[in-house]
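Residue-level structure breakdown
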Amino acid sequence: MFFASDNAGPAHPSVLTALADANQGYAMPYGADPIMDEVRTKIRDIFEAPNAEVFLVATGTAANSLALACYCQPWQTMFCAPVAHIQEDECNAPEFFAGGAKLTLVGKGEKMTPTALEQSIRREETRGVHGPQRGPVSITQVTERGTVYSLEELNALTKVAKSFDLPVHLDGARFANALVALDCSPADMTWKAGVDVVSFGGTKNGCVGVEAVIFFDPDKAWEFELRRKRGAHLFSKHRYLSAQMNAYLTDDVWRQNAQQANANCARLAKGLKDLGVKFMHDPQANIVFCSFPRAAHQRLHDAGAVYYVWSGELEGDDPAEMLEARLVCDWSLSNEQIDQFISLIGAD
């Protein structure tokens, strides 16, 4: 019963097989391996973007930070939601790689709204040389609270950004989960919606550790290569990144894994709703935030369940006190694990 994070799930067997196959003989380093040529072609086809530039790094933090740095000068600010991944979970890496640029938090929730974004953008570049200048807009999709921006919401946000000539970055660590939830094409959720660069995640969805950075503006390609090398994120034995991503893209593994993770979450959510569990946000992809009594949390932990108690203390005197949990489903969860978890909550 492991619901702590999709980062903690196993790699898909096809990815491990691809790594073993890539481990034969010799291959040119630094992205000059022939597998990377296959990856580049597949991503361009999947995204309907024949001129896109594609690069691989090992972590989501590197993907987001290096991509944003290509669009942000040190004296600028990046606009994002208060609970965006680049704000909550990256230890100021975007600011660091952008040479000291700051983040401007837009609105109050897990999602930005067009009105709040426009207000935030207008507040900057009002103090001349004394204040930060306007920089890129970054959208986390799936959000850190398990919700998904609709295509209409994405288009509305990018419309605001473009009205100020600002570039748009999509943090797609859970890109596939959002895509499955929206039942749209990768192009619809990126460049057709006004996105300039996307971090296309693999690690959370069945890879060992690989993320693609896709520039729909090829003019940024050389700068990214320089930043990736200078930032110590250019792998010498790059073929092991290429092999993972190639397997991930082959036979729709990336999409099937996300479909399974989302289906696991839907099963979990239904079981919890049937018990009357209160949800903090309507789960739309593979993450649930919900509250149930301390006694149920304690039963789950005693039985070996692993997840985060998001608010409140597991130990306490009141067994009926409601504690919030974050539950993340990955592609590998079994129905038995999910059903056992649900049954322990309802064991009162």
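The present account deals with the structure reproduced in this document.

Here is what the cut-offs are and how they apply
- Residues numbered from 1 in each chain as written.
- Predicted model: local features only at pLDDT ≥ 70, side-chain atom pairs only at ≥ 80, totals over all residues.
- Heavy atoms only, no water.
- Salt bridge = Lys/Arg side-chain N within 4 Å of Asp/Glu carboxyl O.
- Buried < 20%, exposed > 50% of the residue type's maximum accessible area, 1.4 Å probe, protein only.
- Helix = DSSP H or I, 4+ residues; strand = E, 2+ residues; numbered from the N terminus.
- Core = buried A, V, L, I, M, F, W, Y, C linked by side-chain atoms within 4.5 Å.
- Contact = heavy atoms within 4.5 Å.
- Pairing = 2+ DSSP bridges.
- Axes fitted to C-alpha atoms, helices over the stretch in contact; angles between N-to-C directions.

1. With respect to the pattern of salt bridges
- Counted by the stated rule, this structure contains 17 salt bridges.
- For the salt bridge of E125 with R134, the shortest nitrogen-to-oxygen distance reads 4.0 Å.
- Residue E125 is classed as partly exposed on the basis of its relative accessible area, which comes to 39%.
- For R134, a relative accessible area of 19% translates into the label buried.
- A salt bridge links R267 to D339, with the shortest nitrogen-to-oxygen separation between them at 2.8 Å. Taken together, the residues R267 in helix α11 (residues 253-274) and D339 in helix α13 (residues 335-345) connect sequence positions 72 residues apart.
- Of the residues examined, D339 reaches a relative accessible area of 32% and is grouped as partly exposed.

2. What about the nonpolar core?
- In this structure, F47, M112, L117, I139, F200, I214 and M245 are the most contacted members of the largest nonpolar core, which totals 83 residues.
- When sequence neighbours within four positions are dropped, the list of residues in contact with M245 reads V39, L56, F200, V210, E211 and A212.
- Among the nonpolar cores identified, the runner-up in size contains 24 residues, and F279, F292, A296 and A305 belong to it.

3. With respect to the environment of S120
- By secondary structure assignment, the location of S120 is in helix α6 (residues 114-123).
- For the pair formed by S120 and R134, sequence separation is 14 residues and the distance between their alpha carbons is 9.7 Å.
- Sequence-distant contacts of S120, defined by excluding residues within four places in its chain, comprise F79, T104, L105 and V106.

4. Quick word on the sheet that holds strand β11 (residues 322-328)
- Sheet architecture is open: four strands sit in the order β8-β9-β11-β10, paired in antiparallel fashion. Taken across any chain shown, the strands that pair with only one partner, and hence form the sheet edges, are β8 (278-279) and β10 (308-311).
- As judged from the seven bridges shared by strand β9 (residues 287-293) and β11, these two strands associate in the antiparallel manner. By the bridge assignment for β11, P293 is matched with M322.
- In the packing of helix α12 (residues 294-302) onto the sheet, the strands contacted are β9, β10 and β11, and the crossing angle to β9 comes to about 115 degrees.

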